[in-house]
Amino acid sequence: MARNCRTAHGDACLIDSRATWVIMRLLPAGRASAPLAGPGPATGQAAHRNPMKPSHPLASLIANNREWSEKRRTADPEFFTRLTRLQAPEYLWIGCADSRVPANEIVDLAPGELFVHRNVANVVVHTDLNCLSVLQYAVDVLKVKHVMVVGHYGCGGVAAALNNLKLGLINNWLRHVQDVSQKHATLLGKVRQGAPRVDRLCELNVIEQVVNVCQTTVMESAWERGQDITVHGWIYGLNNGLVRDLDIDVADPGIIESARDRAVNAVFAQDTMQA
Ligand code: CO
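Note that this is a predicted model, so its numbers are computed, not measured.

Cut-offs used in this document
Residues numbered from 1 in each chain as written. Predicted model: local features only at pLDDT ≥ 70, side-chain atom pairs only at ≥ 80, totals over all residues. Pairing = 2+ DSSP bridges. Helix = DSSP H or I, 4+ residues; strand = E, 2+ residues; numbered from the N terminus. Axes fitted to C-alpha atoms, helices over the stretch in contact; angles between N-to-C directions. Contact = placed C-beta atoms within 7 Å. Core = buried A, V, L, I, M, F, W, Y, C linked by C-beta atoms within 7 Å. Buried ≥ 20, exposed ≤ 12 C-beta atoms within 10 Å, placed from the backbone. Arc of directions from axis to C-beta.

Draft legend 1. Structural view of the sheet that holds strand 5 (residues 243-250). Ordered in space as 2-1-3-4-5, the five strands form an open sheet in which the pairing is mixed. The open sheet terminates on both sides in strands that have one partner only, identified here as strand 2 (114-119) and strand 5. Taking the axes of each pair of neighbouring strands and ignoring which way they run, one obtains an average angle of 20 degrees across the sheet. Bridge count between strand 3 (residues 146-152) and strand 4 (residues 230-236): seven bridges; the pairing is parallel. Across the sheet, the residue bridging to Gly 151 is Ile 235, located in strand 4. Along the sheet, helix 6 (residues 129-141) makes contact with strand 1 (91-96) and strand 2, crossing strand 2 at roughly 170 degrees. The sheet contacts of helix 10 (residues 195-214) involve strand 3, strand 4 and strand 5, and relative to strand 4 the element is tilted by about 160 degrees.

What follows is the structure, given as structure tokens:
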């Protein structure tokens with residue numbers, strides 16, 4: 001299990017090096033690495049032997065990986081050693097699964113500096129054990145200081161929700177975005193149809209998901225015990241690579257409603273300004 005976590009990805013990997021460190025401390029001296037290392041192609045020198053045939057459809061990706069690993073080690077010989085020692089990110093990123101929104105790259109952070117959860121349309125649902133577990137681990141164990149819900153303009157999931165496209169099972173998931181759309185139907189109806197309305201719903205969806213994060217038992221408990229942690233709402237532009245702050249920053253459960261109302265008003269005010 002620890003082996004898988006050495007692959008330097010930032011996505012939700014619960015068996016991190018801090019947990020490994022705890023396990024190693026609990027083991028008798030001399031036995032520390034034995035139960036964790038195990039045999040396998042991703043450890044030590046074995047990782048460099050690639051049995052994949054060149055004709056394999058994923059051979060180019062493995063070749064890319066070898067090159068990337070080599071480049072990283074050449075630039076910074078201690079890079080991977082540091083990563084295996086500790087995972088101590090200050091940020092949890094809850095973003096869309098869209099392949100054009102690479103979390104670490106956008107904010108130019110290295111692996112280990114950003115804990116990541118992604119799903120279609122960056123939705124936070126109070127019965128989603130996957131998202132809640134990531135949040136709980138990030139808040140309670142990693143002690144992140146900031147949680148960012150990051151949407152993006154032109155989100156296919158949001159557009160499908162708005163236009164009621166019939167795509168199968170995923171419509172059940174997108175129902176949560178339709179709830180956001182219904183909640184703000186009167187004001188959304190005044191926005192020009194097409195891309196402008198999709199983009200407004202992308203922004204509103206971020207704001208409502210920020211509220212959902214704030215209303216989890218995880219955040220309620222953290223704030224109750226005085227933990228210093230703030231939830232933010234951002235939106236990313238696929239067309240220019242820029243993140244826009246939606247001006248909703250919640251560090252206190254007492255301001256959730258007022259922060260939401262202010263951010264929602266700002267979303268619709270920009271249309272008035274443009275008109
Ligand atoms: Co999306």
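Having seen the structure, we can now continue with the description.
Draft legend 2. Structural context of the nonpolar core. The biggest cluster of nonpolar side chains holds 54 residues, and the ones touching the most others in it are Val 158, Val 210 and Val 213. The element best represented in this core is helix 10, accounting for 10 residues. Excluding its chain neighbours within four sequence positions, the residues that come into contact with Val 158 are Ala 121, Val 177, Val 198, Leu 201, Cys 202 and Asn 205.

Draft legend 3. Just the environment of Leu 204, in detail. Mapped onto the fold, Leu 204 is located in helix 10. For the pair formed by Leu 204 and Leu 188, sequence separation is 16 residues and the distance between their alpha carbons is 9.6 Å.

Draft legend 4. Examining the pairing of strand 4 more closely. Along strand 4, six of the seven residues are buried, which leaves the element largely enclosed by surrounding structure. Remark: six residues form the turn of the hairpin made by strand 4 and strand 5, two consecutive strands paired antiparallel; Gly 241 in that turn has positive phi of roughly 75 degrees.

Draft legend 5. Structural detail: helix 11 (residues 217-224). Turning to helix 11, its buried residues number three or more, namely Val 218, Met 219 and Ala 222. Buried residues of helix 11 fall within an arc of 90 degrees about the axis and therefore sit on the same side. Every exposed residue of helix 11 that faces more than 90 degrees away from the buried side is listed here: Thr 217, Glu 220 and Glu 224.

Draft legend 6. Local environment of the environment of Ala 259. By the element assignment, Ala 259 lies in helix 12 (residues 256-274). Between the C-alpha atoms of Ala 259 and Asp 249, which are 10 residues apart in sequence, the distance is 7.3 Å.

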